[in-house]
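# Secondary and tertiary structure notes
Now for the letters of each chain:
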There are 2 protein chains.
Amino acid sequence: MMNTTKIFASMRLLHRISKLSERKIHEIPLTKDHYGIKRGPYASVTDQDINQFERILSTNNQILLRPEDTAEYNRDYFRYVRGLGTVVLKPRSTEEVSAILRYCNIRRLAVSIFGGNTGVCGGSVPVFDEIILSMELMNRIVSIDEYSGLLVCEAGCVLAKLEDELSKKGMIMPLDLGSKQSCQIGGNLATNAGGIRLMRYGNLHGSVLGLETVLANGEVIDLMSNFKKDNTGYHLKHLFIGSEGTLGVITRVAMSCPVAPTTQNVILLGLKTYNAVLQTFLQAKKQLGEILTSCELIDQASLEYTVEHLKTSSPIDAFPFYILLETTGSHKEDDEEKVRQFLEFSLEEGMVTDGIITSEPSKIKKLWQLRERIPAATYSNNFCLTYDLSLPLEQFYSIVPAIRKRVGHLVNIVCGFGHIGDCNLHLNIAGNILSEEIRKLVEPYVYEFTASLKGSVSAEHGIGLLKPGYMKYSKSTAAIALMKQLKSIMDPNGILNPYKVLPYN
Amino acid sequence: MMNTTKIFASMRLLHRISKLSERKIHEIPLTKDHYGIKRGPYASVTDQDINQFERILSTNNQILLRPEDTAEYNRDYFRYVRGLGTVVLKPRSTEEVSAILRYCNIRRLAVSIFGGNTGVCGGSVPVFDEIILSMELMNRIVSIDEYSGLLVCEAGCVLAKLEDELSKKGMIMPLDLGSKQSCQIGGNLATNAGGIRLMRYGNLHGSVLGLETVLANGEVIDLMSNFKKDNTGYHLKHLFIGSEGTLGVITRVAMSCPVAPTTQNVILLGLKTYNAVLQTFLQAKKQLGEILTSCELIDQASLEYTVEHLKTSSPIDAFPFYILLETTGSHKEDDEEKVRQFLEFSLEEGMVTDGIITSEPSKIKKLWQLRERIPAATYSNNFCLTYDLSLPLEQFYSIVPAIRKRVGHLVNIVCGFGHIGDCNLHLNIAGNILSEEIRKLVEPYVYEFTASLKGSVSAEHGIGLLKPGYMKYSKSTAAIALMKQLKSIMDPNGILNPYKVLPYN
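Here is what the cut-offs are and how they apply
Residues numbered from 1 in each chain as written. Chains lettered and ligands numbered in written order. Predicted model: local features only at pLDDT ≥ 70, side-chain atom pairs only at ≥ 80, totals over all residues. Heavy atoms only, no water. Helix = DSSP H or I, 4+ residues; strand = E, 2+ residues; numbered from the N terminus. Buried < 20%, exposed > 50% of the residue type's maximum accessible area, 1.4 Å probe, protein only. Lys, Arg positive; Asp, Glu negative; His and termini not counted. Charge placed at Lys NZ, Arg CZ, Asp CG, Glu CD. Contact = heavy atoms within 4.5 Å. Buried area = accessible area lost by both parts, 1.4 Å probe. Salt bridge = Lys/Arg side-chain N within 4 Å of Asp/Glu carboxyl O. Polar contact = N/O pair within 3.5 Å; in protein donor to acceptor, adjacent residues only side chain to side chain. Least-squares fit on C-alpha atoms with pLDDT ≥ 70 in both. Axes fitted to C-alpha atoms, helices over the stretch in contact; angles between N-to-C directions. Parallel < 35°, antiparallel > 145°, perpendicular 65-115°, else oblique. Left-handed = near helix turned anticlockwise from the far one by under 90°. Nonpolar A, V, L, I, M, F, W, Y, C, P; charged D, E, K, R; others polar. Phe/Tyr/Trp six-rings, centres within 6.5 Å; stacked < 30°, edge-to-face > 60°. Lys NZ or Arg CZ within 6 Å of the ring centre and 35° of its normal. pLDDT = per-residue confidence, 0-100. Domains from an automatic or database assignment. Expected span 1.5 Å × (residues − 1). Pairing = 2+ DSSP bridges.

### Describing the overall build of chain A
A count of helical and extended segments in chain A gives 20 helices and 16 strands. Projected onto its principal axes, the C-alpha coordinates of chain A cover approximately 75 × 60 × 45 Å. The 505 residues of chain A split such that 63% are buried. Separation of charge centres in chain A, based on 54 positive and 54 negative side chains, amounts to 6 Å.

### Here we look at the interface of chain B and chain A
Across the boundary between the two partners, chain B contributes 87 residues, which contact 87 residues of chain A. Between chain B and chain A, roughly 7600 Å² of surface is buried when both sides are summed, and carbon and sulfur atoms account for 59% of that area. Put simply, chain B and chain A have 12 salt bridges between them. Asp230 of chain A is paired through a salt bridge with Lys475 of chain B; the nearest N and O atoms lie 3.1 Å apart. Remark: the boundary between chain B and chain A carries 45 residue pairs in polar contact (both at pLDDT 80 or more).

### Re the pattern of salt bridges
If charged atoms from side chains of opposite charge come close, those side chains can pair. Scanning the entire structure with this criterion turns up 56 salt bridges over all chains. When the shortest N-O distance is used, the salt bridge between Lys487 of chain A and Asp491 of chain A registers 2.8 Å. Here Lys487 of chain A matches Asp491 of chain A in class, with each residue buried. Between Lys332 of chain B and Glu336 of chain B there is a salt bridge, with its nearest N and O atoms 2.9 Å apart. With Lys332 of chain B and Glu336 of chain B both in helix H14 (residues 332-348) and 4 residues apart, the pair spans about one turn of that helix. You can call Lys332 of chain B partly exposed: its relative accessible area is 45%. According to the relative accessible area criterion, Glu336 of chain B is partly exposed, its value standing at 32%. Among the charged side chains, a network of salt bridges with common partners joins Glu163, Asp176, Lys180 and Arg197 of chain A.

### Some thoughts on the relation of the copies chain B and chain A
Two copies of one chain are present, and they are related through a rotation about an axis combined with an axial shift. It takes a turn of 180 degrees to lay chain B on chain A, together with a shift of 0.0 Å along the axis; the resulting RMSD is 0.0 Å. As the rotation angle and translation indicate, the two copies are arranged about a two-fold axis. Taking C-alpha positions as the reference, the residue of chain B nearest the rotation axis is Gly206 of chain B, at 2.1 Å. Both copies contact each other with a shared surface, as 100% of the interface residues of chain B are interface residues in chain A too.

### As for the packing of helix H17 (residues 399-407) of chain A against helix H19 (residues 445-452) of chain A
All names here are of chain A. Orientation of H17 relative to H19, taken along the N-to-C sense of each, is 155 degrees, at an axis distance of 11 Å. Relative to H19, the element H17 is oriented roughly antiparallel. Seen along the crossing, H17 lies across H19 with a hand that is right-handed. Contacts from Ile399, Ala402, Ile403 and Arg406 in H17 reach Tyr445, Val446 and Phe449 in H19.

### With respect to the packing of helix H20 (residues 477-490) of chain A against helix H20 (residues 477-490) of chain B
Helix-helix packing: each pair is described by the crossing angle between the helix axes and the interaxial distance. At a minimum axis distance of 11 Å, the contact between H20 of chain A and H20 of chain B shows a crossing angle of 135 degrees. Classified by the angle their axes make, H20 of chain A and H20 of chain B are oblique. Note that H20 of chain A runs across H20 of chain B; the crossing there is right-handed. Where H20 of chain A abuts H20 of chain B, its residues Leu482, Gln485, Leu486, Ile489 and Met490 of chain A lie against Leu482, Gln485, Leu486, Ile489 and Met490 of chain B. Partitioning the contact of H20 of chain A with H20 of chain B into residue classes produces 8 nonpolar, 2 polar and no charged.

### Details of unusual backbone geometry
Residues Glu443 of chain A and Pro444 of chain A are joined by a peptide bond in cis, for which omega reads 5 degrees. Position of Pro444 of chain A relative to the elements: it lies in the loop between helix H18 (436-442) and H19. Positive phi is not limited to glycine here, since Glu244 of chain B has a value of about 50 degrees. Assignment of secondary structure puts Glu244 of chain B in the loop between helix H11 (237-240) and strand S9 (249-256). In this structure, Cys423 of chain B takes a positive phi of about 60 degrees despite not being glycine. Mapped onto the secondary structure, Cys423 of chain B falls in the loop between strand S15 (413-419) and strand S16 (424-431). On the accessibility criterion, Cys423 of chain B (7% relative accessible area) is buried.

### A few points about the packing of aromatic side chains
Residues and elements named next belong to chain A. Tallied over the entire structure, the rule returns 24 aromatic pairs over all chains. Between Tyr387 and Tyr447, the aromatic rings sit 5.8 Å apart at their centres with planes inclined by 80 degrees, giving edge-to-face as the arrangement. Of this pair, Tyr387 sits in strand S14 (residues 383-390) while Tyr447 sits in helix H19, and the two are 60 residues apart along the sequence. Residue classification places Tyr387 among the buried positions, given a relative accessible area of 3%. On the basis of relative accessibility, which here comes to 2%, the residue Tyr447 falls in the buried class. Here the aromatic residues Tyr387, Tyr447, Tyr470 and Tyr473 are joined through ring pairs into a cluster of three or more. Between Arg406 and the ring centre of Tyr445, over which it is positioned, the NZ or CZ distance is 3.9 Å.

### A word on the confidence of the model for chain A
All names here are of chain A. Across chain A, the average pLDDT comes to 92, with 95% of residues at 70 or higher. Long-range and interchain partners of residues 1-18, a stretch whose pLDDT sits below 50, account for 49 contacts in this model, where long-range means more than four residues apart. This complex was scored by the predictor with a pTM of 0.93 and an ipTM of 0.92.

### Quick look at the domain arrangement of chain A
Residue and element names in this part refer to chain A. Considered domain by domain, chain A is made up of domain 1 (28-134), domain 2 (141-256), domain 3 (263-371) and domain 4 (381-474). Taking only C-alpha atoms, the centre of domain 2 and the centre of domain 4 are 30 Å apart. Opposite the 7 residues of domain 2 that make contact, domain 4 presents 7 residues. Buried surface at the junction of domain 2 and domain 4, summed over both partners, amounts to about 480 Å²; 45% is from carbon and sulfur atoms. When residues of domain 2 are sorted by the area they lose upon contact with domain 4, Gly195, Met199 and Glu244 head the list and together hold 61% of the total. For the interface between domain 2 and domain 4, the tally reads 0 salt bridges.

### Observations concerning H20 of chain B
Between its terminal C-alpha atoms H20 of chain B stretches 20 Å, which fits the 20 Å expected from 14 residues at 1.5 Å a residue. At its buried positions, H20 of chain B is contacted by strand S8 (220-223), helix H11 (237-240) and H20 of chain A together with H11 of chain B.

### Notes on the sheet that holds strand S3 (residues 111-114) of chain A
Residues and elements named next belong to chain A. The mixed open sheet is built from 4 strands, whose spatial order is S1-S2-S4-S3. This sheet does not close on itself; its edge strands, each paired only once, are strand S1 (63-64) and S3. Bridge count for S3 against strand S4 (residues 131-134) is 4 bridges, and the pairing is parallel. The partner of Phe114 across the bridge, within S4, is Ser134. Seen against the sheet, helix H6 (residues 94-107) touches strand S2 (88-89), S3 and S4 and runs at an angle of roughly 165 degrees to S4.

So, in structure tokens, the structure goes:
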């Protein structure tokens, strides 16, 4: 059903963000043509359907039909996919979502669920003329309880808005993302978003206490527990976390939110070997213990390239590896003493050769830039292949020299960086011309390498439209078959986010 | 199919542990008679089946058939249920589990999965002649990786054994249970066990990274990710966590295990009002932040009764409420300074009136006894009704005076205690004779009260054999229907742990 060669080609396109983002909407190729996707057996929207949607939705401004209004809902943030949806519906309540889906299911109208549209795998916009169900008007905060550390809100709430409201009560969201000004909490759950607080506060399967979801047939499933402990039957909510809108539409969320820390330290360390990286990480976990919040690896190529791109100078001598550590806590002096002891020990033991530490916000920002701007630096090339992998720590970095050996002489840079605290490596390969030779030297090698270590070929980005073909590298045939079985009973007509997540064969 | 009146009666029996545990095995009434359960449409074991099991299992001591050997596998720890299983199988590998289930599924032989047998809801032993699948020989630790904080082991590993092995590398399990000397990690996952570390390290949905499970038809589903981040398709492992063996047999586990803390402080505080309890808990979260590990509530009745039962004296004056706090961390002086500041603040603000603090292991043990021995103290009565509820913190304690008003004059004690840090209240009602009047005044009032606050009627104990009838108080009809649908596709012949978890009507 889908042309594999074209998907591979698109994967490369995906990452030429700097070039792509300059495209005008009409210049983005239609997804269906670009990926050679065949339309599923769905009905097409009629005037009668529009009339029905008008009856369901309480006010007029909840339906968009004019092409100039719907265009933005048909292209993704990175402008590498474009759909043909002609109807945008903006429900204001769970009841409206339910009525829309019940109707669409009977009519066999496919539905694409639209959140903050910040996904990177093309999962958030239609492929053909799916009805676009935008959650943006379901943006009410229901309650914030500082005693139990509980947030209850609707799915369309923007992450940064939630963070703002929580901060008024001395709380924070357990997740933080670069896209927080746009992304919605419902989409965060649907894609099981990771982010830079994951090492400290765990993933969404731990911090989501409850959710409400609407199944394809319009049935509302209320799984809105407000409690960390609730052993009454199967734990259904987890089916919807990470299912990318293909099993149900998340309409409401209850989350456990921690007390906001009041102190922050950032440390940049230079290390001579990968073994020293491992030892230092272990020591940081032991000595910084409960205040350790982030542990990021940056290799020499990444740092040098980024420093050059930012037109700045490196705050530290040249080393094969760098570790960027962040601590957050509640007592300034205690934290500083812990950090001091850790640094003293690491220097004495010879694990670390050089380092910088700061607790000043402006300097913290500058140090974090060295990590956060690596993607932008590599994207400034004509092409940039990027991979989002989970790998065992022992072999965490070995893919980078292996790839460098294969294609280093054909490209401008091969670099590795990422969340070593979460075993999550980003591998970027950037250059002038993406030749067939380079492509063949990199893929499927990267995926096979990852699969051989039982790693994940999509650590935090998800599957969406672009990666169903790669799922097999991280999931067994039996597991994929069970996923398909679940999809078939929960959405027998396949109306929810078609063409996404599940492989076609 | 099941007689509701009898279930209610049994719930009361369940909690007369001190009396029940004195029973000889043959004195325990047969579950099927006591609860009026009708046998499902399963085949009965034949000699031919035994021959087949002998072919599947590699050594002779993996099959028990003599009644004196199988008796212990037919009664639960608390001796309130008894089954009629005649065959105990002890597989040594996933392949053997797979072969057994494949055969049983074809033959329509029902299977009861047996772990450490420490469950409190009768879920761990057969009701009729189900084949008993004991996981005890699958007890190998596959690997412990201190760098990524990862434990990989088989499902039959005993929790305390895992804790011992991890401690050699400076790590701990993210969960701790009173039953740790017997309970198995596979059973912990199957029942989504909670325990006293949950407030600090979160629940198993967060800390289990991967698992391997065998479906009813013998198919092995390998979901053995070793990583915190893996967004490649539906997150299937969570379906098996908390499903109490009714969807698949967990055979292997990968867990994220934290670095072991090296410091410990325990604080007992006396408080005059429930509002002061709430304020103190909030302040503890803010000031003790990342080192706060446990926060337990004890009411006056609980403490006085326990002190009397232990034949000791209270280390603190009489107060309506007590809070027991534990901190664990990595720096003794830092922790003590944090605790000192917190206590100073709480006393100055008038939230706390009196308190004791210790970091001496022997004294820590004594303080914890005041919380841990409350159940034993109340069980020393002729009867003790106990409820394991999740409730919103604002109304957390209100059920206790409400019940006291209803039945206080008819019983010896009504008391409330529990994990306020997790919103988990234990309500115990104990006395001499459990009259029909008392029963009617307590039930269904407790469940209806909990349901009206959207609480959980089984916070950490699960459903098992005894609580399917109560699930409706915490789960909607639509959610229960979806659970049944999942069961029907994953175990169409219903051979896995029949008569348990799912309500019959």
